[in-house]
Every structure is written in C-alpha cells, then in structure tokens.
Amino acid sequence: MLSRICAPAHLRFCVPVHRSMGPAWPLASRAVIIAVVSAKGGTGKTLLVMCLGASARPPVTLVDCDPQSTALSWARMAEAEGTPLSAQVVGLPGKDLRRRLGALNMSRSTTVILDTPPGDLAIITGALSVCDVALVPVRPTVTDVSRIWATLALADEASVPALVVLSQCRARTRLLEDSRSALLGGGARVSRVEIPDRQAIAAAFGGPVPLLLEDLGAELLDEMHKLTRARRRTA
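Here goes a summary of the coordinates provided. Note that the coordinates shown come from a computational prediction; the quantities given were computed from them, not determined experimentally.

### With respect to the overall build of the protein
Each helix and strand counted, the protein has eight helices and seven strands in total. Burial statistics for the protein: of 235 residues in total, 52% are counted as buried. The long-range share in the protein, meaning contacts at least 24 apart out of those at least 6 apart in sequence, stands at 82%. In the form shown here, the protein has an accessible surface area of approximately 10600 Å², with 53% of it arising from carbon and sulfur atoms.

### Things to note about helix H6 (residues 174-185)
The end-to-end C-alpha distance of H6 is 16 Å, a good match for the 16 Å that 12 residues give at a rise of 1.5 Å each. Where H6 is concerned, the buried positions are Leu 176, Asp 178, Ser 179, Arg 180, Ala 182 and Leu 183. The inward-facing, buried residues of H6 contact strand S5 (133-138), helix H5 (142-157), strand S6 (162-169) and strand S7 (190-196).

### A look at the side chain of Thr 110
Secondary-structure assignment places Thr 110 in the loop between helix H3 (97-102) and strand S4 (111-115). In terms of polar contacts, Thr 110 uses its side chain to reach the backbone carbonyl oxygen of Arg 57, at 2.4 Å. Non-local contacts of Thr 110, meaning those with residues more than four positions away in its chain, are made with Ala 31, Val 32, Arg 57, Pro 58, Pro 59 and Val 60.

### Some details on the nonpolar core
In this structure, Val 63, Leu 114, Leu 128, Ile 148, Leu 152, Val 164 and Leu 183 are the most contacted members of the largest nonpolar core, which totals 38 residues. Elements with a contribution of two residues or more to this core: strand S1 (32-36), H3, S4, helix H4 (121-130), S5, H5, S6 and H6. Excluding residues that lie within four positions of it along the chain, Val 63 makes contacts with Val 90, Leu 92, Leu 101, Val 112, Ile 113, Leu 114 and Asp 115. If you look at the next biggest cluster of nonpolar residues, it comprises 34 residues, including Ala 78, Ala 87, Leu 163 and Ile 201.

### Here we look at the pairing of S5
Taken across its six residues, S5 has six buried, putting it largely inside the fold. Because side chains alternate across S5, one face comprises the buried residues Val 133, Leu 135 and Pro 137, and the other comprises Ala 134, Val 136 and Val 138, equally buried. Judged from the three bridges that link them, S1 and S5 form a sheet pairing that is parallel. Across the sheet, residue Val 36 finds its bridge partner in S5, namely Leu 135. The pairing of S5 with S6 spans five bridges and is parallel. Within the sheet, the bridge partner assigned to Val 136 lies in S6 and is Val 164. Between the parallel pair S5 and S6, the chain is carried across by H5, and the sense of this crossover is right-handed.

### Here we look at empty space enclosed by the protein
Evaluation of the coordinates by the stated rule reveals one cavity of 30 Å³ or more. Lining the largest cavity are Ser 38, Ala 39, Lys 40, Thr 43, Val 136, Pro 137, Val 138, Asp 144, Arg 147, Ile 148 and Thr 151. Of all the secondary structure elements, the ones that give two or more residues to the lining of the largest cavity are S5 and H5. Tallying contributions element by element places H5 first for the lining of the largest cavity, with four residues. Residue composition of the lining of the largest cavity, grouped by class: five nonpolar, three polar and three charged.

So, how was this worked out
- Residues numbered from 1 in each chain as written.
- Predicted model: local features only at pLDDT ≥ 70, side-chain atom pairs only at ≥ 80, totals over all residues.
- Heavy atoms only, no water.
- Helix = DSSP H or I, 4+ residues; strand = E, 2+ residues; numbered from the N terminus.
- Buried < 20%, exposed > 50% of the residue type's maximum accessible area, 1.4 Å probe, protein only.
- Contact = heavy atoms within 4.5 Å.
- Areas by Shrake-Rupley, 256 points an atom, 1.4 Å probe, with all protein chains shown as cover.
- Expected span 1.5 Å × (residues − 1).
- Polar contact = N/O pair within 3.5 Å; in protein donor to acceptor, adjacent residues only side chain to side chain.
- Core = buried A, V, L, I, M, F, W, Y, C linked by side-chain atoms within 4.5 Å.
- Pairing = 2+ DSSP bridges.
- Right-handed = clockwise from strand over helix to strand, strands pointing away.
- 1 Å grid on protein atoms, 1.4 Å probe; cavity = no way out; pocket = protein on both sides within 12 Å on 5 of 7 lines; lining within 4 Å.
- Points joined across faces, edges and corners; volume = space filled by probe spheres on them.
- Nonpolar A, V, L, I, M, F, W, Y, C, P; charged D, E, K, R; others polar.

The following block contains the structure:
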C-alpha cells in the first residue's frame, strides 16, 4: 500500500533547504502570515484555522478566502451562541489577495491566517504569494496523501516553506504510520502534531475551539514560527 501513496518522482522535495526569499507581505507589524491550503476538500482546513486563531497571541486576524464563507459562518454562529471568537474574522473571497489585504487595517495583528477553498488554484496561489508559511492538512488515506503532492508543488513554486499536518488521525494504525512514512519519503516537511479523529472535534463547528485543539495549535504555531524565522534570516 505504501508504494501507492509515495510522491511521484518529479514531485519529490529536498527538505529543509531554504531558498533566498524576501518577506512576502510587509505588513507594518511584520505579522506572521499563514496560509492553510489544500487542493482537496474535507481535510479540515477551517478547523485548523480556528485552532491556530485560538492559540496565537492576540490580536489575530482570520481571513476567509473561501466563497463558501465557512470561517465567517463559524464566527457568526459562535457570536450568536454567546461564545464569540477571540480572533477577528474578515471575508475576502477572491483572487487579488495582495491588493485586498493591503486595504485592511491589520497593523496590530501578530498573526494573520488565511483560510482557502479547495480546488480553486487561483485563490490558493494568491494566498501562497502573500504568506510566510503554508500549512497543508492531509488525512492519512491513500487518496488524500497521493493528491497532496500537487499542493506542495504549488508552495515550492512560490518559494514558500510548507508544513504538512496529518488530520482526522486514529492513533497507532498502520495507515497512519504508512502515510507519515510516504510523506517523509517524498521529502515533505511533516509536523510532529497529529489532529485526532474525535467526536468533540468534529462537532466543534460554530462554537468554542476545544482545549485539546488549542494545545495542538500552540505546537503547530511553534513549528511555523521557526520556519518563518529561518525564511526571514535568508531574505
């Protein structure tokens, strides 16, 4: 089974080589800009966006780039339930993110997190063009892992370091182990964090982020801040 989810030979990556790359989007505050991207749907992107938003040092801005407005819907439901999110959530569904982000007042934000739609390459590449680091969620299945390489190739073309996080995981399963091995074998940079497959997490939409996810989000942020610092040192 492992051979079916390995990266194609032409999409293997060398990690952790850092190219010389300047800051993608020089906000006045030098906020860390994270793009949560995946060309495939159902990987848990919006959940990760909320997880990171709850874990980052405030003030935090979450930018919903998805025309379906999933992150905005979550924020509105949480507000209606009397459990508003700590992060600011704004909607920018569209392709010209560089120009439209510049029009927002995010000078005080420490972290800006972009939630992108699946399958819309124009929005995904736009998000990659302005971010410091990309977070790419993938479920530990043959189908999902075999389709992640195209997304990683987009990040590589944009000279953006990408961190893969395994989501909806069942601990100590052969499929999880094989998926991690295939990703590492293909040269992907894989987070030590694994998002578990739990009912409380699946039911979190529209409410507060579960404490478990806040802890995991803090670990993910630590990894991404290290990648961002390494990138800025080479600029």
